[in-house]
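Single-letter residue listing:
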Amino acid sequence: MKKQLSAFGLGATLYMPATRLDIVETISTCKIEGLRSLVICLEDAVSEDDVPAALANLKSMMVGLKAAKQEADDDSWPLIFIRPRDEAMAAMLVTWYDMSAADGFVLPKFTHDSLDRWHEILNKSHLCWMPTLETEEVFDVAAMQVLASALMSHPSRDKILALRIGGNDLMNCISLRRSRAFTLYDGPMGYVIKMLVAVFGAKGFAMTAPVCEHIEDHHLLEQELALDIAHGLVGKTAIHPNQIGIIQKAFMVSSLDQQDALRIINSTQAVFKASGAMCEPATHRRWANSILERVHY
């Protein structure tokens, strides 16, 4: 049975440069414990000079992944996404490469102006979308409202699995690098994430959290994850395998939340008390539904 795609199934999404020669082996042998989704990156993780080698490697990689996937246990096989450098590269990939082993594309530098071009490129493929919000326009709430409305009514709406927040690119737009001492929410990105959740979350789009690039500071990662979840984000970019277990654990649904969600869904009361808190199905039902969907992952 084909695995059903859900943003809640992303968990920790590990980025790997397309220049790596061991990706097929890593995936097919379940070398990285807990790996649920990954992005094979041809953009920021690959230098301009290495693009030809990365493309050649990706072509043979996709053949190898297709063969390995046919023999694999579907439950242990991660979701696989390709991040092309731009629209031109994406068009080339879907035309000349066998993308059957991939689940979708991560769309870099996604804007309202690029929406129809991406639709033109990917419309006839099976590939889902994960657009990345990482350009200067993201700081403009009016521009984001226009984009959200356009996506809601667009023919490709159902292809969008989640929107990714490109934290490092957005920080670069304002000449900053995240602090080693604070979470991303303690600087300008705190406003940006809140705004994006308000604009896109209100229209039903799932959103994923930016990477924490301080790989060895697990305490900082845990602090940031707590805030990611408090803001309703459903997954987080990872750049090292040692981040995966921490991210997956953070996104696990607590037994208390699961119990509350079940009570809210099944209750015939307008308001009731549970676990020391007020539960009101009329206003908590969407939260409860999302919690129960997360339980499956």
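All of these numbers come straight from a predicted model, not from anything done at the bench. (Residues numbered from 1 in each chain as written. Predicted model: local features only at pLDDT ≥ 70, side-chain atom pairs only at ≥ 80, totals over all residues. Heavy atoms only, no water.)

**Student:** It is not clear to me how unusual backbone geometry should be interpreted in this structure. Could you clarify?
**Tutor:** Trans peptide bonds make up most of the peptide bonds, and negative phi angles are found at most residues other than glycine. In this structure, Cys30 is a non-glycine residue whose phi angle is positive, near 50 degrees. Judged by its relative accessible area of 45%, Cys30 falls in the partly exposed class. At Ser175, a residue that is not glycine, the phi angle is positive and equals roughly 60 degrees. (Buried < 20%, exposed > 50% of the residue type's maximum accessible area, 1.4 Å probe, protein only.)

**Student:** How should I be thinking about the nonpolar core in this particular structure?
**Tutor:** Generally speaking, soluble globular proteins have nonpolar side chains that are buried together. Counting residues in hydrophobic clusters, the biggest one holds 74 residues, and the most contacted among them are Ile40, Leu58, Ile82, Leu196 and Phe200. The element that contributes the greatest number of residues to this core is helix H2 (residues 51-71), accounting for 8 residues. Once residues lying within four places of it in the same chain are set aside, the contact partners of Ile82 are Ile40, Leu42, Leu58, Met62, Leu93, Met99, Ala102, Gly104, Phe105 and Val106. By size, the runner-up hydrophobic cluster in this structure holds 14 residues, among which are Val39, Cys128, Leu161 and Ala162. (Core = buried A, V, L, I, M, F, W, Y, C linked by side-chain atoms within 4.5 Å. Helix = DSSP H or I, 4+ residues; strand = E, 2+ residues; numbered from the N terminus. Contact = heavy atoms within 4.5 Å.)

**Student:** Whenever I open this one, the sheet that holds strand E3 (residues 79-83) confuses me. Can you help?
**Tutor:** Hydrogen bonds between backbone groups are what pair the strands of a sheet, and the pairing can be parallel or antiparallel. Strand order in this open sheet of 8 strands is E7-E6-E5-E4-E3-E2-E1-E8, and the pairing throughout is parallel. In the strand order of this sheet, the two ends are held by strand E7 (207-208) and strand E8 (235-238), each with one partner. In this sheet, strand E4 (residues 104-107) lies alongside E3 in parallel orientation, the contact comprising 2 bridges. When the bridges of E4 are listed, Ile82 appears paired with Phe105. Contacts from helix H4 (residues 115-122) reach E4 and strand E5 (128-133), with the element oriented near 155 degrees to E5. (Pairing = 2+ DSSP bridges. Axes fitted to C-alpha atoms, helices over the stretch in contact; angles between N-to-C directions.)

**Student:** Would you explain the pairing of E8 in this entry?
**Tutor:** On E8, burial covers both faces: Gly235 and Thr237 on one face and Lys236 and Ala238 on the other are all buried. Where strand E1 (residues 11-17) lies against E8, 4 bridges are found, and the strand directions are parallel. Bridge pairing in E8 links Ala12 to Lys236.

**Student:** Even after reading the chapter, I still don't get the side chain of Arg157, so can you show me in this structure?
**Tutor:** Residue placement: Arg157 occurs in the loop between helix H5 (141-153) and strand E6 (163-165). Asp158 provides the closest opposite charge to the buried, salt-bridge-free Arg157, at an N-O distance of 5.2 Å. Ignoring any residue separated from it by four or fewer positions in sequence, one finds Arg157 in contact with Leu151, Met152, Lys203, Gly204 and Phe205. (Lys, Arg positive; Asp, Glu negative; His and termini not counted. Salt bridge = Lys/Arg side-chain N within 4 Å of Asp/Glu carboxyl O.)

**Student:** Sorry if this is basic, but what is going on with the packing of helix H3 (residues 87-96) against H4 here?
**Tutor:** Relative placement of two packed helices is described by the angle separating their axes and the distance separating the axes. Closest axis-to-axis distance for the H3/H4 pair is 9 Å, and the angle between their directions is 10 degrees. As summarised for this structure, H3 and H4 are arranged roughly parallel, according to the angle between their axes. For the pair formed by H3 and H4, the contact residues are Glu87, Ala90, Ala91 and Val94 on the first element and Arg117, Trp118, Ile121 and Leu122 on the second. When grouped by side-chain class, the residues that make up the contact of H3 with H4 number 6 nonpolar, no polar and 2 charged. (Parallel < 35°, antiparallel > 145°, perpendicular 65-115°, else oblique. Nonpolar A, V, L, I, M, F, W, Y, C, P; charged D, E, K, R; others polar.)

**Student:** Quick question: what am I supposed to make of the side chain of Ser37 here?
**Tutor:** Take Ser37: it is sitting in strand E2 (residues 37-41). Reaching out from Ser37, the side chain makes a polar contact with the side chain of Thr13 at a distance of 2.8 Å. Aside from chain neighbours lying at most four places away, what touches Ser37 is Leu10, Ala12, Thr13, Leu14, Pro78, Leu79 and Phe81. (Polar contact = N/O pair within 3.5 Å; in protein donor to acceptor, adjacent residues only side chain to side chain.)

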